[in-house]
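Structural overview for review
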Amino acid sequence: MKKTLLIIACGLAIAACNDGGSEGFRIEGSLEGDLADGTQVILRKSDENMQPVDVDTATLDAGRFSFAGTADQPELYYLFVKGVRGGIPLILENGTIDVRAHKDSLQAAELSGTPQNDAYAAYIQGAREKSRQRLSMNEDMRKA
């Protein structure tokens, strides 16, 4: 009986430790380009008036940054790099979101790691391919 209780208690302790890791979000990012350590990366969302609101700030360290917190539901957020034009849209949801970008082309950032961001990245890739096809057809028509 004591062994059974000990096994159950150990199982519950392990489950409690593992359960905490699955809740919340983590954004793991890497930025290439000439950016100094300490450069701010800002997580923003739009308020009810569609005005940007700073939610959190991280700093670059050897080209890497991270954010952590919890998300009640998936929602559109943006990452901005201080002193760099443009931003990176992402779906903030619980899980680990991987972001890879270059400072000169933030709009071409690669997002992965969570279901909504994987779907968003696939959508963006498909839209880029359709745009390339459209441009190619326009060029063919112009030549004809």
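Look up a bit, the structure's there.
Every chain's residues receive numbers from 1 upward, in the order its sequence appears when written. In keeping with the predicted nature of the model, local features appear solely for residues at pLDDT of at least 70, side-chain atom pairs appear and are counted solely at 80 or more, and the whole-chain, interface and lining totals rest on all residues. Excluding hydrogens and water, the side-chain values take into account all heavy atoms of the structure.

1. Quick look at the pattern of salt bridges
Note the threshold: The term salt bridge refers to a pairing of a side-chain nitrogen on Lys or Arg with a carboxyl oxygen on Asp or Glu at a separation within 4 Å. Three labels apply to residues, based on accessible area from a 1.4 Å probe with only protein chains included: buried if under 20% of the type maximum, exposed if over 50%, partly exposed otherwise in between. Helical segments are the DSSP runs of H or I of at least four residues, strand segments are the runs of E of at least two, and each set is numbered from the N terminus.
The full count for this structure, using the stated rule, is 6 salt bridges. With a shortest N-O distance of 2.4 Å, Glu28 and Arg26 are connected by a salt bridge. Among the residues examined, Glu28 registers a relative accessible area of 22% and is labelled partly exposed. The closest approach of N and O atoms between Arg100 and Glu110, which form a salt bridge, is 2.8 Å. Pair noted here: Arg100 is in strand E7 (residues 95-102) and Glu110 is in strand E8 (residues 110-112), with a separation of 10 residues, a long-range link. On the accessibility criterion, Arg100 (42% relative accessible area) is partly exposed.

2. Quick look at the sheet that holds strand E2 (residues 40-46)
The condition is simple: Pairing between two strands is assigned when DSSP locates at least 2 bridges connecting them. Axes here refer to lines fitted to C-alpha atoms; in helices the fit is confined to the stretch in contact. Angles between the N-to-C directions go from 0 to 180 degrees.
Pairing is antiparallel across the open sheet formed by 4 strands, whose spatial order is E3-E2-E5-E6. Every interior strand has two partners, whereas the edge strands, strand E3 (52-59) and strand E6 (87-92), have only one. Geometrically, the sheet is characterised by an average inter-axis angle of 30° between neighbouring strands, direction not taken into account.

3. Details of the packing of aromatic side chains
The cut-off we apply is this: In summary, the pairing rule links any two rings of Phe, Tyr or Trp, Trp by its six-membered ring, whose centres are within 6.5 Å, and it sorts them by plane angle into stacked for under 30 degrees, edge-to-face for over 60 and tilted for everything else.
With the rule as written, the count across this model stands at 2 aromatic pairs. Residues Phe65 and Phe67 carry aromatic rings whose centres are separated by 6.0 Å and whose planes lie at 70° to one another, so their mutual orientation is edge-to-face.

4. Considering the sheet that holds strand E1 (residues 25-32)
Stated precisely, the cut-off is as follows: Residue contacts are counted whenever heavy atoms from the two residues lie within 4.5 Å of one another.
Taken in spatial order, the 4 strands line up as E4-E1-E7-E8 in an open sheet, and their pairing is mixed. Taken across any chain shown, the strands that pair with only one partner, and hence form the sheet edges, are strand E4 (64-69) and E8. Each adjacent strand pair in this sheet contributes to an overall mean axis angle of 15°, direction not counted. Of the pairings in the sheet, the one linking E1 to E7 comprises 8 bridges and is parallel in character. Considered in E7, the bridge of Phe25 is made with Gly95. Packing against the sheet, helix H2 (residues 115-143) makes contact with E7 and E8, and its axis sits at approximately 145° to E8.

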